[in-house]
Amino acid sequence: MSDNPDLTLWGVGTSRTVRPHWAMHELGLAYKVKPIGPRTGETKTPEYTRLNPRQKIPLLQDGDFRIGESAAIVAYLSRMYSTPERALIPESTRDYAAWLEWCFFIVTELDSTSLYVMRRHSADALGPIYGVAPEVVAQAAEYFRAQLRHVEVALADGRQFLMGDRFSSADILLTTCLDWAVAYGVGICNNAQPYLERMRSREAYLRAAAANAPLASITPMPGKA
Ligand SMILES: N[C@@H](CCC(=O)N[C@@H](CS)C(=O)NCC(=O)O)C(=O)O
């Protein structure tokens, strides 16, 4: 781990951007925030496009190193800046493999295939851009609930965290998807409810939520109260 990391995180305001904010706070890292938001045009400026040709947030700059994709940023931060007291990735080979399985499951099945499909095709979200498709939205919600059985079964043994008795970055990914599902009115499974409450009460979660709040919500528009 470097002694003086030079970390800048681009992006606020979404279920994806909160993930690296949360990892930063779990790891006790100081970092600068560039509070650009989704669908504002800020990801399309020449300056930002040079940094991230995919024109997406979040993006992390660590000195001269850049990395995008929320799950990859969280994994990078965990690998680079974990300490024995604050480790976000399991060490043994099999625990590491199980952690990877959870991470891929969450970002592919719960995020991309379910919640993001709902977002893309809802009339009040991105449907006007990608096509309004109520049946697709309903099926994606159903698929999310079916996939969540994996979580329900895992948590049934009373474990505190996805990986057992230690918090890991897989908990960051899962919690952000559960929060997202709740916001969309998609029911979450029984065991996920107390788990979600536990995660939401973590100090780093609360700090990350504050850091991820879009500035627009705290800066009144000119002429408005
Ligand atoms: N798989 C990517 C998804 C990133 C993504 O789609 N970000 C959205 C906001 S959540 C974005 O930047 N959209 C472009 C824009 O709004 O300008 C990740 O997890 O980081």
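Reading the values: rules and limits
- Residues numbered from 1 in each chain as written.
- Predicted model: local features only at pLDDT ≥ 70, side-chain atom pairs only at ≥ 80, totals over all residues.
- Heavy atoms only, no water.
- Helix = DSSP H or I, 4+ residues; strand = E, 2+ residues; numbered from the N terminus.
- Salt bridge = Lys/Arg side-chain N within 4 Å of Asp/Glu carboxyl O.
- Buried < 20%, exposed > 50% of the residue type's maximum accessible area, 1.4 Å probe, protein only.

### Observations concerning unusual backbone geometry
And step 1. For the peptide bond that leads from Ile-57 to Pro-58, omega is 5°, which places it in the cis range.
And step 2. Looking at the element boundaries, Pro-58 is found in the loop between α2 (46-51) and β3 (59-62).
And step 3. In this structure, Arg-39 is a non-glycine residue whose phi angle is positive, near 55°.
And step 4. Its place among the elements puts Arg-39 in the loop between β2 (32-34) and α2.
And step 5. Phi at Glu-69 is positive, roughly 70°, even though this residue is not glycine.
And step 6. Topologically, Glu-69 is positioned in the loop between β4 (65-68) and α3 (70-81).

### Comments concerning the pattern of salt bridges
Between side chains of opposite charge, pairing is possible as soon as their charged atoms come close.
And step 1. This structure, assessed with the given rule, holds 9 salt bridges.
And step 2. Across the pair Asp-111 and Arg-16 runs a salt bridge, and its minimum N-O distance is 2.8 Å. Of the two residues, Asp-111 sits in helix α4 (residues 93-121) while Arg-16 sits in the loop between β1 (7-10) and α1 (18-27), which places them 95 residues apart along the sequence.
And step 3. Measuring nitrogen to oxygen at the nearest pair gives 3.0 Å for the salt bridge that ties Asp-157 to Arg-159.
And step 4. The class of Asp-157 is exposed, set by a relative accessible area of 54%.
And step 5. Three or more residues joined by partner-sharing salt bridges are found here, namely Arg-16, Arg-19 and Asp-111.

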